[in-house]
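Here's the letter readout for the chains.
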Amino acid sequence: MKLDKKRLRAHMKAKRESLPAEDRAAFDRQLQHELFYQSSWAKADSIGITVSVGSETDTSAVITRAWQEGKLTAAPVVEKGKMVFRYFSAMEELVAAPFGLLEPVSGKLAEKEDIDMIIVPGLAFNTSGYRLGYGGGYFDKYLSNYSGSTVSLVYPFQLIDSLPVEAYDIAVGKLLVAKEQKK
């Protein structure tokens, strides 16, 4: 199972990185538009979100829109081997962390019950909402007793029929999947 996940991660990263910039931007705009019309977004006062890097689904516009709407934003940070979320209110508060991530290391700790919605990253997803993350199981552990809403922003090729699922994997509540653009 581990080898299959490792191979699938490498394949999905390569596929995402080969996506032309204009296609990625179009998918990102489409996903952002769909997210902003979700009732869970409208109801949320606090959003948990990763700060995208490289070829990941762009979250910068989502973060900016959250701030414009007066929502609090919190990003994940791994501390003592455990993932927590810390609030941030400006991109300048983020620092480079391991694996090329950007984290708000000095922000106030966000209590799990205070985060209304978490936008969950992933490399691949199945139609049941299970995801292949980056390894380590940090999100699955965090989500195991999280009661807020969860959503993932998914490029069309990231939705696959078969995905290795383990007993500890936690499904995302809602997948927003971009539609292929007609050329």
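Data block above holds the structure.
From a predicted model like this one, the values you see are computed outputs, not experimental measurements.

Engineer: So what's going on with the packing of aromatic side chains? Residues and values would help.
Structural biologist: According to the stated counting rule, one finds six aromatic pairs in the structure shown. Here tryptophan 67 and phenylalanine 88 contribute two aromatic rings whose centre-to-centre distance is 5.7 Å and whose plane-to-plane angle is 80°, an arrangement assigned as edge-to-face. Note that tryptophan 67 is positioned in helix H4 (residues 60–68) and phenylalanine 88 in strand S3 (residues 82–88), a separation of 21 residues in sequence. Classification of tryptophan 67 by relative accessible area gives partly exposed; the value is 27%. Judged by its relative accessible area of 4%, phenylalanine 88 falls in the buried class. On the basis of an interplanar angle of 80° and a centroid distance of 6.3 Å, the ring pair of phenylalanine 85 and phenylalanine 139 is categorised as edge-to-face. Of this pair, phenylalanine 85 sits in strand S3 while phenylalanine 139 sits in helix H5 (residues 138–143), placing them 54 residues apart in sequence. Each member of the pair, phenylalanine 85 as well as phenylalanine 139, carries the same accessibility label: buried. What links up through ring pairs into an aromatic cluster is the set Phe27, Tyr155 and Phe157. Lying across the ring of phenylalanine 36, arginine 65 places its NZ or CZ 4.2 Å from the centre. A cation sits over an aromatic face here: lysine 112 above tyrosine 142, 4.2 Å from the ring centre.

Engineer: Let's hear about the sheet that holds strand S7 (residues 117–119): which residues, and what values?
Structural biologist: Strand order in the open sheet made by the seven strands is S6-S3-S2-S1-S7-S10-S11, with mixed pairing throughout. Bordering the open sheet on either side are strand S6 (109–110) and strand S11 (174–177), each of which pairs with just one other strand. In this sheet, strand S10 (residues 149–154) lies alongside S7 in parallel orientation, the contact comprising three bridges. From the neighbouring strand, methionine 117 faces S10, where its bridge partner is serine 149. Most of the contacts of helix H2 (residues 21–36) go to S11, to which it runs at about 140°, and overall it touches S7, S10 and S11. Against the sheet, H4 engages strand S1 (46–49), strand S2 (72–79), S3, S7 and S10, with an angle of about 130° to S2.

Engineer: Please set out H4 residue by residue, giving values where relevant.
Structural biologist: Along H4, the positions that sit buried rather than exposed are Val62, Ile63 and Ala66. Seen from one end, H4 has its buried residues packed into an arc of 100°, which puts them on one side. Glycine 70 sits one or two residues past H4 and shows a positive phi near 80°.

Engineer: Report on the pattern of salt bridges, specifying residues and quantitative values.
Structural biologist: On inspection of all chains with the given rule, the structure shows six salt bridges. For glutamate 166, the salt bridge is made with lysine 5, and the minimal N-O distance between the two is 3.6 Å. Taken together, the positions of glutamate 166 in the loop between S10 and S11 and lysine 5 in helix H1 (residues 2–17) put the pair 161 residues apart, joining distant regions of the chain. For lysine 5, a relative accessible area of 9% gives the class buried. Here lysine 5 ties to aspartate 169 by a salt bridge, and the two come within 3.9 Å at their closest N and O atoms. Of the two residues, lysine 5 sits in helix H1 while aspartate 169 sits in the loop between S10 and S11, which places them 164 residues apart along the sequence.

What counts as what
Residues numbered from 1 in each chain as written. Predicted model: local features only at pLDDT ≥ 70, side-chain atom pairs only at ≥ 80, totals over all residues. Heavy atoms only, no water. Phe/Tyr/Trp six-rings, centres within 6.5 Å; stacked < 30°, edge-to-face > 60°. Helix = DSSP H or I, 4+ residues; strand = E, 2+ residues; numbered from the N terminus. Buried < 20%, exposed > 50% of the residue type's maximum accessible area, 1.4 Å probe, protein only. Lys NZ or Arg CZ within 6 Å of the ring centre and 35° of its normal. Pairing = 2+ DSSP bridges. Contact = heavy atoms within 4.5 Å. Axes fitted to C-alpha atoms, helices over the stretch in contact; angles between N-to-C directions. Arc of directions from axis to C-beta. Salt bridge = Lys/Arg side-chain N within 4 Å of Asp/Glu carboxyl O.

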